[in-house]
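Survey of secondary and tertiary structure
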Amino acid sequence: MERENSKRTRIVGLRFTSEEYAKIERKWKTSTCRKLSEYIRKHLFNKPITTNYRNQSLDDFMAEMMRLRGELNAIGNNFNQAVKKLHTLNQISDFKHWLISYELEKKTLFNKVDEIKMQIQKMAESWLQ
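Not measured: the values here are computed from a predicted model. (Residues numbered from 1 in each chain as written. Predicted model: local features only at pLDDT ≥ 70, side-chain atom pairs only at ≥ 80, totals over all residues. Heavy atoms only, no water.)

In this section: the overall build of the protein. Scanning the protein for helices and strands turns up four helices and zero strands. Listed by position from the N terminus, the elements making up the protein come as α-α-α-α. Expressed as a percentage of the 129 residues in the protein, the buried residues total 15%. Counted over contacts in the protein with a minimum sequence separation of 6, partners at least 24 positions apart contribute 47%. Accessible surface, the protein as shown: approximately 11,400 Å² in total, 56% of it carbon and sulfur. (Helix = DSSP H or I, 4+ residues; strand = E, 2+ residues; numbered from the N terminus. Buried < 20%, exposed > 50% of the residue type's maximum accessible area, 1.4 Å probe, protein only. Contact = heavy atoms within 4.5 Å. Areas by Shrake-Rupley, 256 points an atom, 1.4 Å probe, with all protein chains shown as cover.)

Written out as structure tokens, the structure is:
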């Protein structure tokens with residue numbers, strides 16, 4: 001099935017003042033349109049535009065969770081590399097160095113998990129009010 005917009009070959013350039021663009025952008029961001037061009041196209045051709053109400057606290061929570069997920073992924077990668085290194089160690093001094101590194105990564109991981117728990121608790125409390 002071919003996408004509806006795959007045959008669009010014409011480009012129209014428009015210039016707006018800062019105020020005009022801010023007004024269009026504000027209306028676009030309250031809609032369900034993912035792209036500004038989609039919003040403008042619907043508006044020009046009198047197609048229905050669905051607007052939605054964004055819950056700012058939920059948006060903030062999701063942004064924080066995405067940040068924490070990225071940090072946890074980085075910690076997990078470091079941990080996997082450390083375990084892979086453990087399998088290649090031949091000398092005791094290398095092993096001692098790995099243990100110290102492992103303890104630091106473990107502490108970082110537990111701190112991030114606690115931070116996630118705290119954020120979830122904070123969101124739960126604000127939603128229950």
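The next point concerns the pattern of salt bridges. Applying the stated criterion across every chain, the model contains eight salt bridges. A salt bridge links Glu-71 to Lys-112, with the nearest nitrogen and oxygen atoms 2.4 Å apart. Placement of the pair is Glu-71 in helix α3 (residues 56-86) and Lys-112 in helix α4 (residues 92-128), with a sequence separation of 41 residues. According to the relative accessible area criterion, Glu-71 is partly exposed, its value standing at 24%. (Salt bridge = Lys/Arg side-chain N within 4 Å of Asp/Glu carboxyl O.)

Once that is clear, we can look at the confidence of the model for the protein. The share of residues in the protein with pLDDT of 70 or more is 88%, and the mean pLDDT across the chain is 80. Of all helices and strands in the protein, the one with the weakest mean pLDDT is α4 (78), whereas helix α1 (residues 18-29) scores best (92). (pLDDT = per-residue confidence, 0-100.)

Positionally, Glu-105 belongs in helix α4. Although Glu-105 is buried, it forms no salt bridge, and the closest oppositely charged side chain is Lys-112 at an N-O distance of 11 Å. Among all residues touching Glu-105, those that are not within four sequence positions of it are Ile-75 and Asn-78. (Lys, Arg positive; Asp, Glu negative; His and termini not counted.)

As a further point, take the side chain of Ser-31. Within the secondary structure layout, Ser-31 lies in the loop between α1 and α2 (36-44). Separated by 3.2 Å, the side chain of Ser-31 and the backbone nitrogen of Cys-33 make a polar contact. The residues contacting Ser-31, other than those within four sequence positions of it, are Tyr-39, Ile-49, Thr-50, Thr-51 and Asn-52. (Polar contact = N/O pair within 3.5 Å; in protein donor to acceptor, adjacent residues only side chain to side chain.)

To continue, consider the packing of α1 against α2. One can describe the packing of α1 onto α2 by two numbers: an axis separation of 10 Å at closest approach and a directional angle of 95°. With respect to α2, the element α1 is oriented roughly perpendicular. Facing α1, whose interface residues are Tyr-21, Ile-24, Lys-27 and Trp-28, α2 presents Leu-36, Tyr-39 and Ile-40. Its residues assigned to classes, the contact of α1 with α2 shows six nonpolar, no polar and one charged. (Axes fitted to C-alpha atoms, helices over the stretch in contact; angles between N-to-C directions. Parallel < 35°, antiparallel > 145°, perpendicular 65-115°, else oblique. Nonpolar A, V, L, I, M, F, W, Y, C, P; charged D, E, K, R; others polar.)

The grouping of Val-12, Leu-14, Phe-16 and Tyr-21 at the surface amounts to a nonpolar patch, some 420 Å² of accessible area in total. Looking at the element boundaries, Val-12 is found in the segment before α1. By relative accessible area, which is 69% here, Val-12 ends up exposed. (Patch = residues over 30% accessible without salt bridge, like charges linked within 9 Å, V, L, I, M, F, W, Y side chains within 5 Å.)

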